[in-house]
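Residue strings, one per chain:
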Amino acid sequence: MSNENKYDREKSLAAQEAVKYIEEGMVIGVGSGTTTAYFIKYLGEKVRNGLNVIAVPTSDKTAELCKYEGIPLVTTSIPKQVDVTVDGADQFDSKLSLIKGGGGDLLREKIVASATKREIIIVDSRKQVEVLGVTFALPIEVIPFAWIKVAEEVKKIKGNPILRLKSDNSYFITDQGNYILDCKFNSIPEPEELAAKLSTIPGVVEHGLFINIASKVIMGKGEEVYDFQPEVSISKVITERVQKDSIDEIFKKIDRVVKLGEKPVVELDVDLTTYKPISRTIKALKIAGETYKIPEFLEPQNKFDLLPGYTPEAWTSFLSRNKLPEKYPELRWIGDKDGTGSNASVYSAFHIAFWRTEWLAEDILTEGLISFISEIENRGGIPVFISGRWKEEQFEPTKEVLIRGGIKNPILVIGKPSHDGKGPLSDAENKAMRQQEIREKYGTPIAIIDDRLENRVAVCKANSDIDMLSVGISISGFTYDEEITGIPIKLSTFQFEK
Ligand code: 5RP
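Residues numbered from 1 in each chain as written. Predicted model: local features only at pLDDT ≥ 70, side-chain atom pairs only at ≥ 80, totals over all residues. Heavy atoms only, no water.

Enquirer: Can you tell me about the packing of aromatic side chains, naming the residues and giving the values?
Expert: Summed over the entire model, instances satisfying the criterion amount to 16 aromatic pairs. Aromatic pair W315 and F318: ring centres 5.7 Å apart, planes at 40°, arrangement tilted. Of this pair, W315 and F318 both sit in helix α10 (residues 312-321), separated by 3 residues, roughly a single helical turn. Note on accessibility: W315 and F318 belong to one class, buried. A centroid spacing of 5.6 Å and a plane angle of 55° characterise the contact between W315 and Y347, whose relative ring orientation is tilted. With W315 in helix α10 and Y347 in helix α12 (residues 346-354), this pair connects stretches of sequence that are 32 residues apart. (Phe/Tyr/Trp six-rings, centres within 6.5 Å; stacked < 30°, edge-to-face > 60°. Helix = DSSP H or I, 4+ residues; strand = E, 2+ residues; numbered from the N terminus. Buried < 20%, exposed > 50% of the residue type's maximum accessible area, 1.4 Å probe, protein only.)

Enquirer: Now, about the pattern of salt bridges: what can you tell me, with residues and values included?
Expert: Opposite charge on two side chains lets them pair, provided their charged atoms get close. Evaluated as defined, the whole model comprises 36 salt bridges. K253 is paired through a salt bridge with D467; the nearest N and O atoms lie 3.8 Å apart. Here K253 is found in helix α7 (residues 240-259), whereas its partner D467 is found in the loop between α17 (453-462) and β20 (469-472), with 214 residues between them in sequence. K253 sits in the buried class, given a relative accessible area of 10%. For the salt bridge of D465 with R439, the shortest nitrogen-to-oxygen distance reads 2.8 Å. (Salt bridge = Lys/Arg side-chain N within 4 Å of Asp/Glu carboxyl O.)

Geometry only, nothing functional implied.
This is how it looks when you write it as structure tokens:
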């Protein structure tokens, strides 16, 4: 069999497997590309045999193929929820992070994926890689007016951008009228970090990194079909069982309270709970390292296995786990506990830089958050994001991260007005103070998910007439406060089995 036939066969096998997940009455997202074309063919056969479904196409080409097969289409805007999407990919890794956009349809593919309960990716065996981006250039969709500027910015982060052209050398134009830059990075070992950087470049409409989106990858290889689930990357300190039980406990509690006719509120802390501040932690460490001449801080990713959490507890854990105070005695001084920077110390140098407003929007969402939030809402619960961020200008970038991640209208209860004229309240005092407002505006708090024990205690105490769940979290990649408090945590990500 020629190579072409071999890979076509693998695509076809994966597509036949994916069709088995389609049920009567479903709204189906239909991806783009040659592998998806097989899926459309098999779906068409089922529709002609009486299956009722409605398809949401991710490109004009896909819409045409669906029409040809007689598959009914949503032609106006995307429905609120899509049951299953079947799409292809250019590469996938063991966490099921993807590169997409080889065909230039990444924007609509990502929009449809963001509305989808279950994203199934179908591929041939060439698409499986250890590290993304080594052999495939990352497509980035850009506004034509901005392409030269975007290309410059991409070069600064060590990407080599090439404007995509068609075979006749004219510009490749996407269905939305934009250009594609194919950006060759030597490798993309930390896709989250790169995705966060790319999203902040003005003129970038969307990039082809699809992270925490695929629920499964079906790969054809030879005559076999392989099925991959995302590797749950939970930190070493909790087991998958604890993670699963904790999420189940929250869902069960929501169901019980809904049955009582009340509105259950799940409170979610922002920093080091729902947001991973990877990029600004690295930048802030470098600034503190330059100021205080600490060489290890200048290359944090090479020197430390975990980045420091910004709270005094997590920072202390970070110092002691890396035996830094022995080497640099000045690090023993944590400085101002509330981090206002009034006392000079390595910690406050780090802390002040960490909280720069212009870096806040670079944060990325903790794994699984989007599906977790939509499950809370589907069950009748109300997610409320509560944060001790204290400055008014912090509100917009905080919201931006959630919206960019796919949470359309997030409820945010952040810092203000607690710091108005009352001096710097602690995070815990501030959060306790906002509980009355949350109860009046949104419903009955049933759980607080927060990395800081003192916040959880304060919130539960402020709601002492309600039996609230106190859920400690330690997101992967960062130090946390357990080594100091000794209280076991319950979550490491928001991932759960669907
Ligand atoms: C289009 C895509 C495609 O899904 C991806 O390029 C894979 O295509 P194929 O199935 O033809 O290999 O992301 O934007």
